[in-house]
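Descriptive analysis of the structure
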Amino acid sequence: MIFAGMLAMAASVAAADTLSEVAGRYDIQPSSHIGFTVAQVGGGGITGDFKKFSGVFALNKSDIAHSMIDFTLYPESVVTGQARIENFLRSDAVFDTENFPTIKFKSTQITQTSPDTAVISGLLTARGKSSPATFQATLSGHGKNTITFHVDGKIMRSRYGMDVGTPIYSNVVQFDMTIEAQRT
């Protein structure tokens, strides 16, 4: 009897953690983490994160497909723990932060894949070049006015003219992000 009651309570808590339950407009918070990895032949590679970014998203309660995400990343803020690599990434060989101070992502389609997951498709623009990009998002927590998503995805850096070092360094950039947001 106690076990059945606990199961029912767990099911009701899990049911509350759905995308439609947390609908609203949110500002992405600086406490978020935007991490990336570029693999290297033979192991290792480049791992880092971006310290400066901004964005908003709106989750439509009646139809998640009508939701939107608008995200801006400032590549000048890249951190790898190695000044030489950071300076190279900021140079005109990779991000060219002097001429292209932002990387932008704007959603074009959001497809809910389960009560707490979605595939986000959109247009990523970097170095003046735009190409489709897709990310997977999982609702990982929320409070009354806060929400947290785990987001991951892969980007082909050659699409943006950043393929220096291939094939020694992978053309694929793997993103692993924790997006924390505040309801506005």
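For the structure itself, consult the block above.
Presented here is a report on the structure given in the accompanying data block. (Residues numbered from 1 in each chain as written. Predicted model: local features only at pLDDT ≥ 70, side-chain atom pairs only at ≥ 80, totals over all residues. Heavy atoms only, no water.)

Some words on the layout of surface pockets
Put simply, the rule reads: As defined here, a cavity is a set of points on a 1 Å grid over the protein atoms alone where a 1.4 Å probe fits but cannot get out. A pocket is an open set with protein on both sides within 12 Å along at least five of seven lines, and residues line them when an atom is within 4 Å of a point. Grid points are joined across faces, edges and corners, and a volume is the space filled by probe spheres set on the points. Only DSSP runs of H or I covering at least 4 residues are called helices, and only runs of E covering at least 2 are called strands; the numbering of each starts at the N terminus. Residue polarity is assigned by list, with Asp, Glu, Lys and Arg as charged and Ala, Val, Leu, Ile, Met, Phe, Trp, Tyr, Cys and Pro as nonpolar; anything else, Gly included, falls into the polar class.
In this structure, the largest pocket occupies an estimated 880 Å³ of space. Lining the largest pocket are 43 residues, and of these Phe 36, Phe 50, Leu 73, Val 173 and Phe 175 lie nearest its centre. No other element matches strand E11 (residues 169-183), which puts five residues into the lining of the largest pocket. Residues of the lining of the largest pocket, tallied by class, amount to 38 nonpolar, three polar and two charged.

Regarding the nonpolar core
Stated formally: Here, nonpolar core means buried Ala, Val, Leu, Ile, Met, Phe, Trp, Tyr and Cys residues that are tied together by side-chain atoms lying within 4.5 Å of each other. Exposure categories follow from relative accessible area, calculated using a 1.4 Å probe and restricted to protein chains: below 20% of the type maximum is buried, above 50% is exposed, and the middle band is partly exposed. Note on contacts: a residue pair qualifies if any of its non-hydrogen atoms lie within 4.5 Å across the two residues.
Ranked by size, the top nonpolar core spans 44 residues in total, and within it Ile 34, Phe 36, Phe 57, Ile 147, Phe 149 and Phe 175 carry the most contacts. With five residues, the single largest contributor to this core is E11. In contact with Phe 57, other than residues within four places in its own chain, are Gly 24, Arg 25, Tyr 26, Ile 28, Met 68, Ile 69, Ile 147, Phe 149, Ile 179 and Ala 181.

With respect to the pattern of salt bridges
Rules: Between Lys or Arg on one side and Asp or Glu on the other, a salt bridge is scored when a side-chain nitrogen of the former is within 4 Å of a carboxyl oxygen of the latter.
A full pass over the atoms with the stated rule returns three salt bridges. With a closest N to O distance of 3.2 Å, Asp 49 and Lys 51 form a salt bridge. On the basis of relative accessibility, which here comes to 14%, the residue Asp 49 falls in the buried class. Where Lys 106 meets Asp 70, a salt bridge forms, and the shortest distance between an N and an O atom there is 3.7 Å. A residue pair is termed long-range when its members are at least 10 positions apart, and Lys 106 in strand E7 (residues 103-114) and Asp 70 in strand E5 (residues 68-73) qualify at 36 residues. Given a relative accessible area of 28%, Asp 70 falls into the partly exposed group.

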